[in-house]
Amino acid sequence: MKFTQKVAAAALFASGAIATDPLTADKVEADIKTDELQRVLWNLNHIADRNGGNRAFGEPGYKASVDFVVERAQGRFWPEMDTWVQPFNHTYDKTLEISVTGPEGEDVFVISPQYNPATPLPGGITASLINTPVDDATGSMCLPEQWEGIDATGKLALVKRGICGVAEKLKLARAHGALGVILYNQDPGTNYATPTLQAENIGQLIPVGIIPLEVGTAWIARLNAGEDVVVKLLVDAVSDTRETWNVISETKEGDPNNVIMLGAHLDSVQQGPGVNDDGSGTAALLEIMGSVKNYKGFPHKIRFAWWGAEESGLVGSLYYTSQLSEAEANKIKYYFNYDMIGSINPIFEIESYENSGIGPQLLEDYLVSKGKTVEHGGFGDGNSDYVGFVELGIPTAALFTGAGEPWDPCYHQECDTIDNIDYDALTVNTKAAARALVTLAHSLEGVPTRATTTPNLRGRSKIASQFKRWKRLAEESHGHGKMCSHKEKKSTV
Ligand SMILES: *[C@@H]1O[C@H](CO)[C@@H](O)[C@H](O)[C@H]1NC(C)=O
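In the nomenclature of an unreviewed UniProt entry, the chain corresponds to Peptide hydrolase from the organism Podospora australis. Listed under Cofactor (unreviewed entry) in UniProt, the entry text for the chain is "Zn(2+)".

The next thing to look at is the overall build of the chain. Along the chain, the regular secondary structure elements total 13 helices and 13 strands. Counting the 493 residues in the chain, one finds 59% classified as buried. Taking the intrachain contacts of the chain between residues at least 6 apart in sequence as the baseline, contacts between residues at least 24 apart amount to 85%. For the chain, the accessible surface area stands at approximately 18600 Å², while carbon and sulfur atoms represent 53% of it.

A few words now on the site of the ligand. The local shell around the ligand consists of Pro-87, Phe-88, Asn-89 and Glu-243. Asn-89 is positioned such that a nitrogen or oxygen atom in its side chain is 2.4 Å from an oxygen atom of the ligand. For the ligand, the accessible surface in isolation is 360 Å², of which the surrounding protein chains cover 32%. It is strand β1 (residues 81–101) that provides the largest number of residues to the shell around the ligand, a total of three residues. Residues belonging to the shell around the ligand are distributed by class as follows: two nonpolar, one polar and one charged.

So, about the nonpolar core. Phe-304 and Phe-336 are the most contacted members of the largest nonpolar core, which has 66 residues in total. In terms of residues, this core owes the most to one element, helix α12 (residues 423–442), which gives twelve residues. Not counting residues up to four positions away in its chain, the partners in contact with Phe-304 are Met-81, Val-247, Ile-248, Ser-249, Leu-262, Leu-285, Ile-288, Met-289 and Leu-437. Formed by 29 residues, the second largest nonpolar core is a distinct cluster that contains Trp-147, Ile-150, Ile-206 and Val-315.

Once that is clear, we can look at empty space enclosed by the protein. This structure, assessed with the given rule, holds four cavities of 30 Å³ or more. Size it by volume and the largest cavity reaches roughly 160 Å³. Around the largest cavity, the lining is made up of 19 residues, and of these Gln-114, Val-269, Gln-270, Glu-311 and Ser-312 lie nearest the centre. Residues of the lining of the largest cavity, tallied by class, amount to six nonpolar, ten polar and three charged. Formed jointly, the lining of the largest cavity draws a minimum of three residues from each of two domains, domain 1 (5–80 + 252–477) and domain 2 (93–239).

Summarising the model, the chain shows a mean pLDDT of 90, and 88% of its residues fall at 70 or more. Across residues 1–17, confidence stays below pLDDT 50; counting only partners more than four residues off in sequence or on other chains, it has 15 contacts. Note that residues 466–488 has pLDDT below 50 and, in this model, 49 contacts with residues that lie over four places away or in other chains.

Criteria and cut-off values
Residues numbered from 1 in each chain as written. Predicted model: local features only at pLDDT ≥ 70, side-chain atom pairs only at ≥ 80, totals over all residues. Heavy atoms only, no water. UniProt positions renumbered as here; feature names shortened; annotations may be inferred. Helix = DSSP H or I, 4+ residues; strand = E, 2+ residues; numbered from the N terminus. Buried < 20%, exposed > 50% of the residue type's maximum accessible area, 1.4 Å probe, protein only. Contact = heavy atoms within 4.5 Å. Areas by Shrake-Rupley, 256 points an atom, 1.4 Å probe, with all protein chains shown as cover. Near = heavy atom within 4 Å. Polar contact = N/O pair within 3.5 Å; in protein donor to acceptor, adjacent residues only side chain to side chain. Nonpolar A, V, L, I, M, F, W, Y, C, P; charged D, E, K, R; others polar. Core = buried A, V, L, I, M, F, W, Y, C linked by side-chain atoms within 4.5 Å. 1 Å grid on protein atoms, 1.4 Å probe; cavity = no way out; pocket = protein on both sides within 12 Å on 5 of 7 lines; lining within 4 Å. Points joined across faces, edges and corners; volume = space filled by probe spheres on them. Domains from an automatic or database assignment. pLDDT = per-residue confidence, 0-100.

See below:
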């Protein structure tokens, strides 16, 4: 974000060597080095350390992450790259305090989802619990019929977490009179990830505290024995609108009418430094850019995007795609998404849809040549920045190494640090990404044209409707059983 340095730097570098070496996949693959990827991750980890432990939207650690990427893309690579920062606004929210006090006055372990509304303060909500039915097949209490006959008026509803969105559970609990929800986790222990209720639900929800399965089970036993179990929930939260940014950088080389694009998100959750999620993809793009900028002789332009506010609901990438004119969307010939590509116990999952063309094959060929077992997944979960591109019908593919136990036990947690990376997976995936990119930068053979059957979502202020559409997309693919429920980034569940 230091554009004024550009002019001064231009004078200094004016006599510098201009790259003329032709771009090949072998050269870029050889340029990608594990220790350089590690250096980027060290920097991102350090940025979080110096800024309250995270790099989240609306927090100083995100701004510092933007500065870090811009310093490389623009400060160092301006002779070969054109870089810009795309600002947008989004609703910021932070839980300042959350507590659940049990019937004996004991403090219970509790976490707060993103966009959790506040309870009345300073007292919180003290009320009797009402138990609700469990449905581990379709998810508990997120369908209207599951609430039939339940009157939660004036109570705290005790609901099981899992399978379906937390926000849906809260909306229905509110409609049935509950003052708040005590959500007990679906797995034992206290090592669980923080979901998001998503900004578009603000004003439609009631406060929630997410407690361990063991505590929920004990309280259910007491309720079943006819006891009145009185619990206190207190949530203090702030919410306001904050500006944030996507960083976009593209090669000066290449035809602007034929663009190959790579994306990773630059923000973390508030709970941790986000080194795997998505420092791994951020580092991959930075190292690929650092190599590509040394070469010429490729016909298609290469564009890198570091998205903002992904963890708040894919906001940056949806903003970007919503701002594209029809003509600009047509120029993007391929989009690759790299979100969580260095999980400590990695799977090598290639994600694609019906209009992905040759992209998944290019990634697979390289991974298989390195002895990796490749798994395939779809985009049905709608949980990363490919959504806006898929909705535009742009050929798209993604790599993903798994979130949550056992793939990344530190998913969305404080321990997603520099120690939470499998460097072999990160290196191999970055090289796979680089080779696939270089192939398409030379030739669009095997790349389908943009699908025109997908809904046209462009327009100036369509973000809200986009959110609804991709949620529906996710729900529809739920129905078709396309999902592997253990491997996704289930950030809303
Ligand atoms: C964000 O909001 C601020 C304050 O309302 C406004 O000045 C700014 O122009 C907005 N930015 C964008 C990109 O809409």
